[in-house]
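Reading the structure
Residues per chain, in single letters:
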Amino acid sequence: MKNRHHSRASIMAVAAMLLAVPATAAPTCQTANGETIRCGISGAMPVGWRLPAEYRNLPGQDQNASEIFKWLQAICAVGVLFAIMAAMPDFDSTNPGEWDSEEEDSL
């Protein structure tokens, strides 16, 4: 009796997995420049709208702005590295034994 119950349960589980409908993702929209964006927020075009082919891959101010933004990011990253190095303590010890002991150890 138990075997029949387990076999029915496993058949039902397999049938449920086979009949299950996979989830679909929410639609995405594009901006007037052709960038992908979430629908329903400011700057989003209607669902299904696509940038016409003749306007794609045209050099514009957005590419120049993104290039400038990348340079600014690189300059800021280098500035952060220099700031971290400036915040490090001074390493002006000349005697070899000074690195192994703490200042309070000599008391």
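Every value quoted in this text rests on a predicted model; they were computed, and no experiment measured them.

1. Quick look at the overall build of the protein chain
- From N to C terminus, the protein chain includes two helices and two strands.
- Along the protein chain, helices (α) and strands (β) appear in the sequence α-β-β-α when read from the amino end.
- The burial tally for the protein chain puts 5% of its 107 residues in the buried class.
- Pairs at least 24 apart in sequence give 3% of the contacts found in the protein chain among residues at least 6 apart.
- Here the protein chain displays about 10,100 Å² of accessible surface, and carbon together with sulfur accounts for 62% of that area.

2. Details of the state of the cysteines
- Tallied over the entire structure, the rule returns one disulfide.
- The side chain of Cys29 participates in a disulfide bridge whose partner is Cys39; the two sulfur atoms lie 1.9 Å from each other. Across the S-S bond linking Cys29 and Cys39, the dihedral sits near 100°, which makes this disulfide right-handed. Of the two residues, Cys29 sits in strand E1 (residues 28-30) while Cys39 sits in the loop between strand E2 (36-38) and helix H2 (61-87), which places them 10 residues apart along the sequence.

3. Here's the deal with the side chain of Gln30
- Along the chain, Gln30 turns up in strand E1.
- For Gln30, a relative accessible area of 12% translates into the label buried.
- Engagement of the side chain of Gln30 in a polar contact is seen with the backbone nitrogen of Leu51, the distance being 3.2 Å.
- Residues in contact with Gln30, not counting those within four places in the same chain, are Glu35, Ile37, Gly43, Ala44, Met45, Trp49, Arg50 and Leu51.

4. Comments concerning the environment of Gly40
- Structurally, Gly40 can be placed in the loop between E2 and H2.
- Using a relative accessible area of 78% as the deciding quantity, one classes Gly40 as exposed.
- A sequence separation of 11 residues divides Gly40 from Cys29, and the C-alpha atoms of the two residues are 8.5 Å apart.

5. Section: a nonpolar patch on the surface
- On the surface, Val78, Val80, Leu81, Phe82, Ile84, Met85, Met88 and Phe91 cluster together into a nonpolar patch covering about 820 Å² of accessible area.
- One can find Phe82 in helix H2.

6. Re the side chain of Thr31
- Tracing the chain through its elements places Thr31 in the loop between E1 and E2.
- We classify Thr31 as buried; its relative accessible area is 12%.
- Once you skip the residues sitting within four places of it in the chain, Thr31 turns out to touch Ile37, Gly43, Met45 and Trp49.

7. Overview of the confidence of the model for the protein chain
- Per-residue pLDDT for the protein chain averages 77, and the proportion of residues at 70 or more is 69%.
- Here helix H1 (residues 2-19) is the element of the protein chain with the lowest mean pLDDT, 69, and H2 is the one with the highest, 87.

What counts and what doesn't
- Residues numbered from 1 in each chain as written.
- Predicted model: local features only at pLDDT ≥ 70, side-chain atom pairs only at ≥ 80, totals over all residues.
- Heavy atoms only, no water.
- Helix = DSSP H or I, 4+ residues; strand = E, 2+ residues; numbered from the N terminus.
- Buried < 20%, exposed > 50% of the residue type's maximum accessible area, 1.4 Å probe, protein only.
- Contact = heavy atoms within 4.5 Å.
- Areas by Shrake-Rupley, 256 points an atom, 1.4 Å probe, with all protein chains shown as cover.
- Disulfide = S-S within 2.5 Å.
- Polar contact = N/O pair within 3.5 Å; in protein donor to acceptor, adjacent residues only side chain to side chain.
- Patch = residues over 30% accessible without salt bridge, like charges linked within 9 Å, V, L, I, M, F, W, Y side chains within 5 Å.
- Salt bridge = Lys/Arg side-chain N within 4 Å of Asp/Glu carboxyl O.
- pLDDT = per-residue confidence, 0-100.

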